[in-house]
Amino acid sequence: MSMRLSTENSDTGGTATNLVAVPAVELTDIAKRFGSVVACDDVCLSVQRGEIHGLLGQNGAGKSTLMKILTGLVAPDSGRIAIDGEHVEISDPLVAAKLGISMVHQHFSLVGRMRVWENVTLGERGRVDRDGARRVVREVGDRYGLTVDPDAVVEDLTTGERQRVELVKCLRRDPDLLILDEPTSVLTLAESRELFSVLRHVTQDENKTVILISHKLDEILHATDRVTIMRSGAVVARKDTAHTDVRELAREMVGRELSKWTAATAVGTLDSLTTPTSDPTDQDLAAQDLAAQDAAAQDAAAQDLAAQDLAAQDLAAQDSAGQDSADQDLAEPDAKEPALTKTNTEEPAATEPDAEQQDAAEPDTADQNPAEPDPAEPAAEEPDTATPVTIENTTDQNPAEPEPAEPTTEEPDTEHQGTAEDSADPDPAEPEAAEPEAAEPEAAEPEAAEPEAAEPAAGEPDTATPVTAEREQPQEVRLSIKDAHATGRDGRPLLRGLSLEVRAGEILGLAGVEGNGQAALGDLLSSLIELDSGTVQVCGTTVKAGRPGAMHAAGVGVVPEDRHVSGCVLDMTVAENLVMADIGEVSRGSFVNPRRLRARAGTLIEEFDIAVPGPDTPMRLLSGGNQQKVVLARELAARPKVLVVAQPTRGLDVGAIEYMTERIYQAARSGIAILLISTELEEILTLSHRVAVIHRGAIVGEMARAEVDPERLGMMMGGQAA
Amino acid sequence: MENIELMLASAIRLAIPMAFAALGEWIAERAGTLNISVEAMMLGGAFSAVMGASVTGSAEVGLLCGIAAGLLIAFIHACFSHRLTVNTYVVGLTLNVLVLGLTSFLLVRTVPIQTEKLTIPVLADLPVIGPALFDQRWPAYLLILLIPLGYWLVHRSRWGLEARASGESPQSADVTGIDVNKRRRQALMICGVLAGLGGAHLAIAEVGTFNQNMTAGRGYLVIAAVIFGGWTLRGTLAGVLVFGAADAMRLALPALGYELNPQLLIATPYLLALLAMTFFAKTHRGPGALGAPFVRGIT
Amino acid sequence: MTSLATRLPAMFRLSSLGTLLLYVASFAVALTLATTLVTLSGHSMSDTVLALYQGSLEGGASIGLTIDQAAPLLMVAIGAIICARAGIFNIGQEGQVLIGGMTGAAVGLFLPGPGWLVLLLTLVGAALGGALWAGVPAALFYWRKVDVVISTLLMVFVATQLAFFAVNRDYLLQESGTGGTVLSSQSDLIPEAVQLPRLGEYPDLNVSLYVFIVLGFTLAVTLLLRYSRWGFRLRMLGHNPIAARRNGVRAGALGGGALLLSGGFAGLAGGMMLTGSVFRFQPGLADNVGWEGLLVALVARNHPLLAIPVAVFFGALRAGGGFLASTGVPRYLVSIVTALLVLAAVFPAAYAEIRRRRRPATAVAGG
């Protein structure tokens, strides 16, 4: 890695246009430790005036800490900060404000029950000038196209409007440096575009500087001039955005090749963001003085997923247009595979745009340079003809054991990913990688389908047969919600006639912008809210909504999106968390049997590979990934008919993401009907068999994975009829 | 007519000490502290006012002593609940026990001292409202100053904006660079000053001596008033007036030959506050983080 | 995270010594303050301590008194602990004790029947009364989301007025006068058969049988909280209500039940004082037992077993307070000392917590 870093540095030095100027912000050798955790390890960051500088990294890479140091919220252990070449000490947020540094936070910075103007003036000093503040809100709004009523109460605003208030709040202080922390996570596509055009305006016309923190590659590619990539507290690369592409960024961010799923998750909503607005995008890019060829490369990279979809559609059309399924979209890469493998093995060099461009046409497999040897490997380890149901693969159970042959050994469990993906066909390959208890025979229905699905995994490409086979035998409907209406406690409608069906063995991806009823749907299926009208049926039986435990008893498992808040109890032990939903199983009469509790916990810990000292460890001490594993283990251990997973990979590191996606896939294969609720479009596109779009509490569109048209999807998510 | 005049005068007179404390309690609650020790603050204020006045022979010094006592209690409360983040109710209850014990323990016979009456000429002769509004002990008129000042402080000043943010949404306030616990401590101390003044007014301006447990739950009434008023200043003061009126009726009605259940009258404020919370749940929404200690990093 | 796990034991070891010192120091400060107070008010501290000792621990009679005082405190504390474990803060025990005493008195006075049965029903009635009084806030909370802290507090004052009302109405609980005597605001004595038998004079230890009931309840609650499914659910609810509901806990039933139970325990404490020591209902029956019981639970940090010694300690103070009169020290000293001790007990833990939190709190900033 370090070698590459040096090359890239020189690369950047050669191409950047305005390096001569004194940097607007320069952080030198910033170090920050929290106990034994190194948040920033001698980080250097240099940002030029008038540019949008991307700060890219996974969760926990140290980017937020770095920015907190810059805004005075956290004091660094060592290092220097220079603003416009002058050395400064930023001891608290007020100093930062005086230096013209202003930050738009990801969460928690607006007070819901105050008016917009009050929020805008909050955090400043001096007399409160109501009329002045109102005027400023209007003025700033006009100047940047961020109209918002200064007298509106914030809690009545939509998420997009709140984001505008946040921006106004920052911009009214006329900062020289504007820092945005994951600004688009709650925005629609249109709102994101609006935001980026504001940022462009701010940097170009007013010569301000913007730092954009993100873990979404598309955002970085689309909106920034230069990008600094952080990993585990250190800067690993600096690049001109014009001279890089998705894959390279992803690799730097993660530290190795990405598996298909992870890559997709990391990429974010690239294609949907760029494709529908290719014209304005291009103009933007031109304005950025990007070399034409780079732009082309970028576009190509951007569209690769779309291309994949098209290919999938073609194939689907050929073999009689299936309603389903993963097998289809996966089929198409196989077709291309032979042509591309040569290129891939050469390791898609970061510095070679041409090769990249080629790869770009073939997203998933391209990443998998270690692809070649793989097919042999699983075959050697296990009889590839065996049905996944019966496989007990210990090696795969514990992905921590690396296979020596593999070149990329940083995080061994990806190798299985790689293995699985050599055919670029995640789900059929799936059963081979890690076989959890989910595959235990009690899931009766899917078995018929499974052998077929397993075939391509074991053998190779041709997926035509399973597709038809699966299409001919539609699985039973496990979950059926009909015309659900629900109202929040504050009287606002949460669900407005939502209807959906999920079949056994199927993953239904529910896409949508955050705050459109996903939470309510999750709550509904967790028995947390009641319905005003409509029904929920599980396996054909109507379940009473809102009665605690009813959904669970009917066989609905839920992995909630805010697992540490509502999925587990941090102050109880891991063992207790593992049996929470089914205390009855470890009880005798009305008393919990500690021995059985411990035993059951031990089994699950082993089975789900949860890294924990012992069953009596407090849940609080576990990492996010392991907490998520506990929740998932608990829900799967209850042998659900339906599993709802909401934002399963949010906030997890790469290894955990792969683990989760793998498990979800397996669960589907074992016949569980899966409802995947996610705001990350790519997560949905990679995992789902079908995609539904939720908007304002109702399903506004539904399509088979193969029919997905990102543009249409994006418009639906934004609420435009499509 | 004369009865009404008397009753109104008595209601106002009874409401005034509570109005001071209620103003303070309102400020504290808007900043996020449900301050139960307001009872202790009033009682402590009353006690030290009488002691101070008795020792120095000056009612004014007594008032200042009362304020100091309220402030001291508020300071202790603030340290425990907004530095150490101990549960504020526990601290409040303990302080109430402590101050009740202390004032009872230290109770000695004192020389009665009262502040002067300030009768405003002409206006005091107005029918019905004259005696009620313009014929009071002079500290009462401080309210005319303090109430608008309190409103301005909370709703118009920078400090108030930050204090309200701290009570409403401490995490947001924190991110914005506001020292949440500091604002809460300050609000609590303002409450201490006002409640101490209220207690002092009760003891010095109205009664002239100190009796054991002389506030007799007026602090809790003040809390009920803020709740009854739906955490608005206007509503809080209205609550105080209503409660004062109920008290006045309890005292005056038997003499006037009316029969009304005294227990019911005493319980009225509490019942009203409960009913208000039950039936106006939407408008009667307390500050978002009322009573919850703020610890940075816990969301 | 693993580093945190390894660091944790070390931190505890370090802090346990420091915390111990802190405890010693803060209790010392509290006692110094009390001593100063006594001395300044012109009394002798040694006499005061002696009086407190004589009143609470010297000889069987005093010990019996201490235990009698401790029993209702413990009862209230157990209820408060159940509630706190469910994440609900009931601070209305004072009212619940009073109402329990009142309903108990009504049953004891007016219900005919064999003494033991009436006694039993008196206690049941007292518990139900307390539960009912806690039930109002419970209902308001689960029906209208009215804050439990506020409503239980307000209900205390309503309870006081209700008690006064009852003992001032001859058709309710007011004592039946004989001839022209002035009636006071209290009920008649309950029949002797309905008074709880005492352990007798053997061996000079005169305690009411209640102490066994209380200890029985304490033990039962301890076991139930730790090992039963109910306790499991209750803890879940207390630690994380959302997760609890997701896992099938009926927050209303369980939380409301805990509140009712808490009120029931408080009411039972009232019934115990009625049938065990006071024998008639008075508006002053509760005598701060509700408030102090709540503080016992707090000082015991919501551990039922730990509440036993704390309750005994508080009970000893109360018992000793009765003996203070001989020294001329006002008995209010007891409440002062109690409050100071509570603050002293709360301080070290809170201080240590703040110290401990300061480090991880900044670590949250990571990412």
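Remember, predicted model here, so these are calculated numbers, not experimental data.

Rules of the game
Residues numbered from 1 in each chain as written. Chains lettered and ligands numbered in written order. Predicted model: local features only at pLDDT ≥ 70, side-chain atom pairs only at ≥ 80, totals over all residues. Helix = DSSP H or I, 4+ residues; strand = E, 2+ residues; numbered from the N terminus. Rg over C-alpha atoms; globule rule 2.2 N^0.38 Å. Contact = placed C-beta atoms within 7 Å. Buried ≥ 20, exposed ≤ 12 C-beta atoms within 10 Å, placed from the backbone. Pairing = 2+ DSSP bridges. Axes fitted to C-alpha atoms, helices over the stretch in contact; angles between N-to-C directions. Core = buried A, V, L, I, M, F, W, Y, C linked by C-beta atoms within 7 Å. Nonpolar A, V, L, I, M, F, W, Y, C, P; charged D, E, K, R; others polar. Parallel < 35°, antiparallel > 145°, perpendicular 65-115°, else oblique. Left-handed = near helix turned anticlockwise from the far one by under 90°. pLDDT = per-residue confidence, 0-100. Expected span 1.5 Å × (residues − 1).

## As for the overall build of chain B
Of the regular secondary structure elements, chain B holds 12 helices and 2 strands. Ordered by position from N to C terminus, the α and β elements of chain B give α-α-α-α-β-α-β-α-α-α-α-α-α-α. Taken against the 2.2 N^0.38 rule, which gives 19 Å for 299 residues, the C-alpha radius of gyration of chain B at 19 Å falls within 12% of a compact globule. In terms of overall dimensions, chain B has C-alpha extents of about 60 × 45 × 35 Å along its principal axes. In chain B, 76% of the contacts between residues at least 6 apart in sequence involve partners at least 24 apart.

## Structural notes on the overall build of chain A
The number of helices and strands found in chain A is 31 helices and 22 strands. Every one of the 722 residues in chain A was classed for burial, and the buried ones make up 57%. When contacts within chain A are restricted to residue pairs at least 6 apart in sequence, those whose partners lie at least 24 apart make up 71%.

## Overview of the sheet that holds strand β7 (residues 177-181) of chain A
Residue and element names in this part refer to chain A. Strand order in the open sheet made by the 6 strands is β6-β7-β8-β3-β9-β10, with mixed pairing throughout. The open sheet has two edge strands, β6 (101-104) and β10 (234-240), and neither has a second partner. Neighbour to neighbour, the strand axes of the sheet diverge by 20° on average, direction disregarded. In the sheet, β7 pairs with strand β8 (residues 209-214) via 5 bridges, with the strands oriented parallel. Each bridged residue has a counterpart across the sheet, and for I179 the counterpart in β8 is I211.

## Section: the nonpolar core
Within the largest apolar cluster, 309 residues are counted, with the highest numbers of intra-cluster contacts made by I674 of chain A together with L74, A77 and V296 of chain C. In this structure V296 of chain C touches L73, L74, A77, A307, V310, A311 and F314 of chain C, once residues within four positions along its chain are discounted. Ranked by size, the runner-up nonpolar core spans 79 residues in total, among them L146, L177 and V235 of chain A together with I178 of chain B.

## A look at the interface of chain B and chain C
At the interface, 33 residues of chain B touch 38 residues of chain C. Secondary structure elements with two or more residues in the side of chain B that touches chain C: α4 (88-105), α10 (218-228) and α12 (262-279) of chain B. With 11 residues, the single largest contributor to the side of chain B that touches chain C is α4 of chain B. A class-by-class count of the residues in the side of chain B that touches chain C yields 23 nonpolar, 9 polar and 1 charged.

## Quick notes on the sheet that holds strand β12 (residues 493-503) of chain A
Residues and elements named next belong to chain A. Within the open sheet, the 4 strands sit side by side as β12-β11-β14-β15. Their pairing is antiparallel. Edge strands, defined here as strands with exactly one partner in the open sheet, are β12 and β15 (541-543). Averaged over all pairs of adjacent strands, the angle between their axes in this sheet comes to 25°, without regard to strand direction. Docked against the sheet, helix α23 (residues 518-525) engages β11 (477-487), β12 and β14 (533-538), running at close to 65° with respect to β12.

## So, the packing of α10 of chain B against helix α11 (residues 233-256) of chain B
For any two helices packed against each other, one specifies the inter-axial angle together with the distance between the axes. All names here are of chain B. At a closest axis distance of 7 Å, the pairing of α10 and α11 adopts a crossing angle of 130°. Relative to α11, α10 is oriented oblique. Viewed along their axes, α10 and α11 form a crossing whose handedness is right-handed. Of the residues in α11, those touching α10 at L221, A225, V226 and F228 are G235, T236, G239, V240 and F243. For the contact of α10 with α11, the class distribution of residues is 6 nonpolar, 3 polar and no charged.

## Concerning the pairing of strand β16 (residues 556-559) of chain A
Residues and elements named next belong to chain A. Going residue by residue along β16, you find V556 and V558 tucked away on one face and G557 and V559 tucked away on the opposite face as well. As judged from the 4 bridges shared by β16 and strand β19 (residues 642-646), these two strands associate in the parallel manner. Pairing of V556 across the sheet is with V642, part of β19.

## As for the confidence of the model for chain A
Residue and element names in this part refer to chain A. Looking at chain A as a whole, its pLDDT mean stands at 70, while 63% of the residues score no less than 70. When mean pLDDT is taken per element in chain A, strand β20 (residues 673-677) scores highest with 94 and helix α11 (residues 270-274) scores lowest with 36. Within the model, the stretch residues 1-19 combines pLDDT values under 50 with 20 contacts to residues more than four positions away or in other chains.

## A few points about helix α2 (residues 38-56) of chain B
All names here are of chain B. Relative to the 27 Å expected for 19 residues at 1.5 Å per residue, α2 spans 26 Å between its end C-alpha atoms, a close match to the ideal helical length. Among the 19 residues in α2, 17 count as buried, and that is most of the element. Count one or two residues on from α2 and you reach G57, which has phi positive near 75°.

## Let's talk about the environment of L6 of chain B
All names here are of chain B. Examined against the element boundaries, L6 turns out to sit in helix α1 (residues 2-30). In this structure L6 comes out as partly exposed when scored by C-beta crowding, with 16 C-beta atoms within 10 Å. Each C-alpha atom of the pair L6 and A252 lies 8.8 Å from the other, and the pair is 246 residues apart in sequence.

## As for helix α3 (residues 59-85) of chain C
Spanning 27 residues, α3 of chain C covers 37 Å between terminal C-alpha atoms, matching the ideal 39 Å at 1.5 Å per step. With respect to burial, α3 of chain C is a largely interior element, 23 of its 27 residues being buried.

## Points about unusual backbone geometry
For D483 of chain A, which is not a glycine, the phi torsion comes out positive at approximately 50°. Note on placement: D483 of chain A falls in strand β11. Taking the C-beta count within 10 Å as the criterion, D483 of chain A has 14 such neighbours and is therefore assigned partly exposed. Positive phi values are uncommon outside glycine, yet N302 of chain C reaches one of about 65°.

## Looking at the environment of N516 of chain A
Within the element layout of this structure, N516 of chain A appears in the loop between β13 (507-511) and α23. In this view, N516 of chain A contacts I694, H695, R696 and G697 of chain A; residues no more than four positions away in its chain are not counted.

## A word on the confidence of the model for chain B
Overall, the prediction assigns chain B a mean pLDDT of 88, with 96% of residues at 70 or greater. Across the interfaces of the predicted complex, the ipTM metric reaches 0.88, alongside a pTM of 0.77.

## Looking at the pairing of strand β21 (residues 690-695) of chain A
Residue and element names in this part refer to chain A. In terms of burial, β21 is largely enclosed, as 6 of its 6 residues are buried. What you see with β21 is no split at all: R690, A692 and I694 on one side and V691, V693 and H695 on the other are buried throughout. Pairing of β13 with β21 involves 4 bridges; the strand directions are parallel. Bridge pairing in β21 links L510 to A692.

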